[in-house]
Amino acid sequence: SSKMAVGGAVYTLAQCHWHWGSEHTVGGVQMPLAAHCVHTKDAEAGRYGVLGLFYELGNADAFLSLIGDSLPKQAARRLAEGVVTSSFVGPVNFDLMYGDVNTSEYWTYSGSFTTPPCTEAVDWYPLMKARTLTKLQLDKMQEAMGWSAANGNYRPPQPLHNRDVQGCLASEWYPYQASVWATQVGQGPAAEACRIGEMQSPIDVPVCSQVDARPVLELTQWSNVNTTLTNNGHTVQLTIHGGMPQMYSSGSMYTLVQCHYHWGSEHTIGGVQAPMVVHCVHTK
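Residues numbered from 1 in each chain as written. Predicted model: local features only at pLDDT ≥ 70, side-chain atom pairs only at ≥ 80, totals over all residues. Heavy atoms only, no water.

Draft legend 1. Up close: the state of the cysteines. With the rule as written, the count across this model stands at two disulfides. The side chain of cysteine 16 participates in a disulfide bridge whose partner is cysteine 37; the two sulfur atoms lie 2.2 Å from each other. Disulfide cysteine 16-cysteine 37: the torsion about the S-S bond is 110°, which places it as right-handed. Taken together, the residues span a long stretch of sequence, with cysteine 16 in strand β2 (residues 9-20) and cysteine 37 in strand β5 (residues 33-41) at a distance of 21 residues. (Disulfide = S-S within 2.5 Å. Helix = DSSP H or I, 4+ residues; strand = E, 2+ residues; numbered from the N terminus.)

Draft legend 2. Spotlight on empty space enclosed by the protein. Applying the stated rule across the entire model yields one cavity of 30 Å³ or more. Lining the largest cavity are Ser22, Glu23, His24, Ala34, His36, Gly52, Leu53, Phe54 and Pro126. At the level of secondary structure, the elements contributing two or more residues to the lining of the largest cavity comprise β5 and β6 (48-57). When residues of the lining of the largest cavity are assigned to their parent elements, the largest contribution, three residues, is made by β6. Class assignment for the residues of the lining of the largest cavity results in four nonpolar, four polar and one charged. (1 Å grid on protein atoms, 1.4 Å probe; cavity = no way out; pocket = protein on both sides within 12 Å on 5 of 7 lines; lining within 4 Å. Points joined across faces, edges and corners; volume = space filled by probe spheres on them. Nonpolar A, V, L, I, M, F, W, Y, C, P; charged D, E, K, R; others polar.)

Draft legend 3. Expanded view of the side chain of histidine 260. Along the chain, histidine 260 turns up in strand β15 (residues 252-263). A distance of 2.9 Å separates the side chain of histidine 260 from the side chain of glutamine 258, its partner in a polar contact. At 3.3 Å, the side chain of histidine 260 and the side chain of histidine 262 are in polar contact. Those residues within four positions of histidine 260 in sequence are excluded, and the remaining contacts are Thr235, Val236, Gln237, Val277, Val278, His279 and Val281. (Polar contact = N/O pair within 3.5 Å; in protein donor to acceptor, adjacent residues only side chain to side chain. Contact = heavy atoms within 4.5 Å.)

Draft legend 4. Representation of the pattern of salt bridges. One pass over the structure, following the stated rule, counts eleven salt bridges. Across the pair aspartate 100 and lysine 129 runs a salt bridge whose closest N-O atoms are separated by 4.0 Å. Placement of aspartate 100 in the loop between α2 (95-98) and β7 (109-111) and of lysine 129 in the loop between β8 (122-126) and β9 (131-133) is noted, with a sequence separation of 29 residues between them. Residue aspartate 100 is classed as exposed on the basis of its relative accessible area of 58%. (Salt bridge = Lys/Arg side-chain N within 4 Å of Asp/Glu carboxyl O. Buried < 20%, exposed > 50% of the residue type's maximum accessible area, 1.4 Å probe, protein only.)

Draft legend 5. Quick look at the layout of surface pockets. In this structure, the largest pocket encloses a volume near 1,500 Å³. Taken together, 44 residues line the largest pocket, and the ones lying closest to its centre are Cys16, His17, Trp18, Pro72 and Met145. Counting only elements with at least two residues in the lining of the largest pocket, the list comes to β2, β5, α1 (62-67) and α3 (135-145). Ranked by residues supplied to the lining of the largest pocket, first place goes to β2 with seven residues. When grouped by side-chain class, the residues that make up the lining of the largest pocket number 25 nonpolar, 14 polar and five charged. Taken together, 44 residues line the second largest pocket, and the ones lying closest to its centre are His24, Thr25, Leu160, Val165 and Gln177.

Laid out in structure tokens, this is it:
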């Protein structure tokens, strides 16, 4: 029997199937096709391990070439209407499924099956490097799977809640994911607040039908300030050197430290985002 072993856990291969439109996305990007190879977990009944493979357009995939002309089709897209079985019986070399993909580079997290009953008993192992397939191979898979009216047979990504996705020593800051900021881009335990904090910013501020008469924000000594202009990989920033540019509000005094920019405002006003915003950070 075909096996998958990782970190001391051993799984036995049960079946592989495909999704037109990858169900997992990478940084918000969906691949045109994905394979899920479902395994039962040895010595732990009711637990499973799924190896995930992404596909992107490029050279022909050797494994799909073996089965591409034998794909079974259904006249209607109804899961309850039975199974159509191809005359294809193999044998096939399942090593061709992953080919030259580095099997030491993968994400892992605890999740579920992606079709009903959505059982939460799955150890997921999506491989990071994608396989390639031709447009003709993709067309054949899409025609066989159907669901063209739905633009594919995939379930979109689900909320992470408090789960960790392992596999990266460091990750990109954007697009934003709370679990990534909590574990892979922050500095120390305080980064956990990105995920579980209850006073996080930004927020969506309300549109005022009537503006409250608030104390004036007083900005002093802002007219002649020595700064350095840097790009720290996160944003463009002006850092203050010398002087005492300050902000006063309702008896509180703050001293300016730096101003930085965000392409796409982080706060929204009644759900509307502005194209850019500047944040001027002060110590109190």
